[in-house]
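Examining the three-dimensional arrangement
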Amino acid sequence: MYFIGNDIHSVDHKGRVFIPAKFRSVLTKEDKGGFYVARGFETSLLLFPLSRWNEFIKELSGRSYSQKSIREAIRAFSYGAERLSMDSQGRVVLPKELRDYSKIEEEVFFLGAIDKIELWSPAVYEKYSKGCSDINELYSKLGM
């Protein structure tokens with residue numbers, strides 16, 4: 001199963017946010033322990049279920065760390081990354097540093113991205129999406 005669709009949830013005063021039920025239902029038994037969150041593209045955050053994070057880290061480990069560009073990319077990705085655990089109500093605490101990076105304040109816009117979830121400030125995503133290409137052009141890039 002995949003992370004598809006979107007949702008918006010409020011952030012409480014402790015920085016907690018509900019993971020949308022439709023995304024929780026996609027998690028495997030291995031993932032039930034939680035997620036890893038890291039800085040993403042265009043000031044979004046990337047939320048990886050544990051199984052996908054482990055696959056991704058294995059891929060990164062196979063890269064040549066002696067190459068400067070690989071070291072820089074790994075450092076940029078790792079900086080601020082955190083493991084998150086869901087509480088019994090399906091909430092996670094988003095670290096303040098990552099909320100600041102992504103400009104997430106009162107709400108989080110969740111966007112399923114196949115094997116991960118993007119987290120956005122709704123205002124930032126709205127501004128970003130207005131600058132995106134036409135949907136027909138985007139689909140043609142995917143070979144549709």
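Just so we're clear, the structure is a prediction, and the values are computed from it rather than from any experiment. (Residues numbered from 1 in each chain as written. Predicted model: local features only at pLDDT ≥ 70, side-chain atom pairs only at ≥ 80, totals over all residues. Heavy atoms only, no water.)

Side note on the nonpolar core
Ranked by internal contacts, the top residues of the largest apolar core, which has 20 residues, are Leu-47, Val-108, Phe-110 and Leu-119. Listed by contribution, the elements that provide at least two residues to this core are strand E3 (35-39), strand E4 (45-49), strand E7 (107-112) and strand E8 (117-120). Discounting chain neighbours no more than four positions away, the residues touching Leu-119 are Ser-44, Leu-45, Leu-47, Leu-94, Ile-104, Val-108, Phe-109 and Phe-110. Listed in part, the nine residues of the second largest apolar core include Leu-46, Leu-60, Ile-70 and Ile-74. (Core = buried A, V, L, I, M, F, W, Y, C linked by side-chain atoms within 4.5 Å. Buried < 20%, exposed > 50% of the residue type's maximum accessible area, 1.4 Å probe, protein only. Helix = DSSP H or I, 4+ residues; strand = E, 2+ residues; numbered from the N terminus. Contact = heavy atoms within 4.5 Å.)

Comments concerning the pattern of salt bridges
Pairs may arise between side chains of opposite charge once their charged atoms sit close together. Under the definition given, this model contains nine salt bridges. When the shortest N-O distance is used, the salt bridge between Glu-55 and Arg-52 registers 3.5 Å. Of this pair, Glu-55 and Arg-52 both sit in helix H2 (residues 50-61), separated by three residues, roughly a single helical turn. Its relative accessible area of 46% is what places Glu-55 among the partly exposed residues. The class of Arg-52 is buried, set by a relative accessible area of 14%. Notably, a salt bridge pairs Lys-96 with Asp-100, separated by 3.0 Å at the nearest N-O pair. In this pair, Lys-96 and Asp-100 are both assigned in helix H4 (residues 96-102), four residues apart and thus about one turn of the helix distant. (Salt bridge = Lys/Arg side-chain N within 4 Å of Asp/Glu carboxyl O.)

Focus: the packing of aromatic side chains
Taken as a whole, this structure holds eleven aromatic pairs when the rule is applied. The interplanar angle of 75° and the centroid separation of 5.8 Å between the aromatic rings of Phe-3 and Phe-23 together place this pair among those described as edge-to-face. Note that Phe-3 is positioned in the segment before strand E1 (6-10) and Phe-23 in helix H1 (residues 21-24), a separation of 20 residues in sequence. With a relative accessible area of 1%, Phe-23 lands in the buried category. Plain terms: the ring middles of Trp-120 and Tyr-125 are 5.1 Å apart, the flat faces sit at 70° to each other, and that makes the pair edge-to-face. With a relative accessible area of 2%, Trp-120 lands in the buried category. In this structure an aromatic cluster arises from ring pairing among Tyr-36, Phe-48, Trp-53, Phe-56 and Phe-77. One residue, Arg-39, lies across the ring of Tyr-101, its end atom 5.5 Å from the ring centre. (Phe/Tyr/Trp six-rings, centres within 6.5 Å; stacked < 30°, edge-to-face > 60°. Lys NZ or Arg CZ within 6 Å of the ring centre and 35° of its normal.)

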